[in-house]
Amino acid sequence: MTTILRIDASVRRTDNSVAAYNSISRSLADSFVAQWEEAEPEVEVILRDVGMTPPDFICNDWIASVFTPDAERTEQQKKLVSLSDTLIDELDRADVLLISTPMYNYGMPAALKAWFDQIIRINKTFTFDLGRGDFPLEPIMSGKTLVLLTSAGEFGFEAGGIRYGSGHLSAHIDTLRNYLGAEHMFEAAAEYQEFADERHDASVASAHARSREIARELSS
């Protein structure tokens, strides 16, 4: 049985009375999961909604806690890292990582970055050894697949596009995915939201089709 960890990062819901206010990225994830369930009805989906329930930001005491050996942590330190432990356990259980997120200010939402900061953790998701020279960090997990479903108000962030180089959402996550154990990343993106014209409608439809296509490919 496949386990999908679904991380939703939009602060928007999908049941607003005004359809234009609904989250596009969440709806793309809904399409992906629905398509997967057609092929594998028993698939397990772990839902982590960071958009509605943001993880805590890491802090000075949190960093001190994660660098303290488990057996030496105080009760307060154990409490500080308990959410991180839970999030890492969810990640460890997953075969497929499904991240749905809008692009905010040309990058990832703060809540999604907070999730990454909670789980990219020494001796949990990576090891550190200066004996490796200039590349001392090495991921611990492996064998997972990442699916990134995004929405953006503008367009042309792809290679050769008119805004290439200014969109840091996909590039940032692609860099971090190794520390999630994800060896491959598949993407679908809906754009033109701020233009609200026929290009936006076509882009959303194409992103839904691509989301379902990825689900079919990976679940077959």
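Everything discussed here concerns the structure shown above.
Residues numbered from 1 in each chain as written. Predicted model: local features only at pLDDT ≥ 70, side-chain atom pairs only at ≥ 80, totals over all residues. Heavy atoms only, no water.

## Describing the overall build of the protein chain
Rules: Helix numbers and strand numbers start at the N terminus; a helix is a DSSP run of H or I with at least 4 residues, a strand a run of E with at least 2. Throughout, the radius of gyration refers to the C-alpha atoms, and the reference size of a globule is 2.2 Å times the residue count to the power 0.38. For every residue, the accessible area (1.4 Å probe, protein chains only) is compared with the maximum for its type, and the residue is labelled buried under 20%, exposed over 50%, or partly exposed between those bounds.
From N to C terminus, the protein chain includes six helices and seven strands. By the compact-globule yardstick of 17 Å for 220 residues, the protein chain fits well, its C-alpha radius of gyration being 18 Å. Projecting the C-alpha coordinates of the protein chain onto the three principal axes gives extents of approximately 60 × 40 × 40 Å. The buried share of the protein chain, taken over its 220 residues, is 47%.

## Concerning the pattern of salt bridges
Under the convention used in this document: Just to be clear on terms, a salt bridge is a Lys or Arg side-chain nitrogen sitting within 4 Å of an Asp or Glu carboxyl oxygen.
One pass over the full model with this rule turns up 17 salt bridges. With a shortest N-O distance of 3.4 Å, Glu75 and Lys78 are connected by a salt bridge. Separated by three residues within a single helix, Glu75 and Lys78 lie in helix H3 (residues 75-93), roughly one turn from each other. The exposure class assigned to Glu75 is exposed, which follows from its relative accessible area of 60%. Judged by its relative accessible area of 38%, Lys78 falls in the partly exposed class.

## Structural notes on the sheet that holds strand E1 (residues 3-8)
This is how it is decided: Two strands qualify as a pair provided that DSSP identifies no fewer than 2 bridges between them. Fitted lines through C-alpha atoms give the axes, limited to the stretch in contact for helices. The angle between two N-to-C directions lies from 0 to 180 degrees.
Strand order in the open sheet formed by five strands is E2-E1-E3-E6-E7, and the pairing between neighbours is parallel. Strand pairing shows two members of the sheet lacking a second neighbour, strand E2 (44-49) and strand E7 (182-190), which therefore form its edges. Neighbour-to-neighbour, the strand axes of this sheet turn through a mean angle of 15°, independent of strand direction. Sheet topology places strand E3 (residues 96-102) next to strand E6 (residues 144-151); seven bridges connect them, and they run parallel. Within the sheet, the bridge partner assigned to Val96 lies in E6 and is Thr145.

## Considerations on the nonpolar core
Defined as follows: Here, the term nonpolar core denotes a set of buried Ala, Val, Leu, Ile, Met, Phe, Trp, Tyr and Cys residues that are joined through side-chain atoms within 4.5 Å. In this description, contact between two residues means that some pair of their heavy atoms is separated by no more than 4.5 Å.
Within the largest apolar cluster, 29 residues are counted, with the highest numbers of intra-cluster contacts made by Leu5, Leu97, Leu112, Trp115, Phe116 and Ile173. Among the secondary structure elements, those contributing two or more residues to this core are E1, H3, E3, helix H4 (110-119), E6, helix H5 (169-176) and E7. Considering every element that reaches this core, the biggest residue donor is H4, with five residues. Look past the residues within four positions of Phe116 in its chain and what remains in contact with it is Ile99, Met108, Ile173, Leu176 and Leu180.

## What about the side chain of Ser65?
Stated precisely, the cut-off is as follows: Pairs of N or O atoms within 3.5 Å make up the polar contacts considered here, provided that, within protein, one atom can donate a hydrogen while the other can accept it, and that residues adjacent in sequence are counted only when both atoms are side-chain atoms.
Mapped onto the elements, Ser65 comes out in helix H2 (residues 60-66). Assessed through its relative accessible area of 0%, Ser65 is described here as buried. Polar side-chain contacts of Ser65 include one of 2.8 Å to the backbone oxygen of Asp61.

## What to know about the pairing of E2
Note the threshold: Assignment of crossover handedness uses the view with strands pointing away from the viewer, where a clockwise path from the first strand over the helix to the second indicates a right-handed crossover.
The sheet contact formed by E1 and E2 spans six bridges and is parallel. Residue pairing across strands places Ile4 opposite Val45, the latter belonging to E2. Handedness of the crossover is the feature at issue here: the chain leaves E1, passes through helix H1 (residues 24-39), returns alongside E2, and the resulting connection is right-handed.

## Focus on the packing of H1 against helix H6 (residues 198-219)
The angle between the axes and the distance between the axes are what describe a pair of packed helices. Short version of the rule: In this scheme, a crossing is called left-handed if the near helix is turned counterclockwise away from the far one by less than a right angle; it is called right-handed if the turn is clockwise. Just so you know the grouping, Ala, Val, Leu, Ile, Met, Phe, Trp, Tyr, Cys and Pro go in nonpolar, Asp, Glu, Lys and Arg go in charged, and all remaining residues, Gly too, go in polar.
Direction vectors running N to C along H1 and H6 enclose 35°, while the axes themselves pass 8 Å from each other. Two packed elements cross with a definite hand, and for H1 against H6 that hand is right-handed. Residues Ile24, Ser27, Leu28, Ser31, Phe32, Gln35, Trp36 and Ala39 of H1 pack against His200, Val204, Ala207, His208, Ser211, Arg212, Ile214, Ala215, Arg216, Leu218 and Ser219 of H6. Split into classes, the residues belonging to the contact of H1 with H6 amount to ten nonpolar, seven polar and two charged.

## Let's talk about the layout of surface pockets
Inclusion rule: For cavity detection a 1 Å grid was placed over the protein atoms alone, and a set of points counts as a cavity when a 1.4 Å probe fits there but cannot get out; an open set counts as a pocket when protein lies on both sides within 12 Å along at least five of seven lines, with lining residues being those that have an atom within 4 Å of a point. Grid points are joined across faces, edges and corners, and a volume is the space filled by probe spheres set on the points.
Approximately 370 Å³ is the volume found for the largest pocket. Around the largest pocket, the lining is made up of 18 residues, and of these Phe157, Glu158, Ser170, Ala189 and Glu191 lie nearest the centre. For the lining of the largest pocket, the secondary structure elements donating two or more residues are E6, H5 and E7. Tallied by class, the residues present in the lining of the largest pocket amount to eight nonpolar, seven polar and three charged. Approximately 320 Å³ is the volume attributed to the second largest pocket. Met103, Tyr104, Gly153, Gln193 and Glu194 are, among the 18 residues lining the second largest pocket, the residues nearest its centre. The residue inventory of the lining of the second largest pocket, partitioned by class, reads seven nonpolar, eight polar and three charged.

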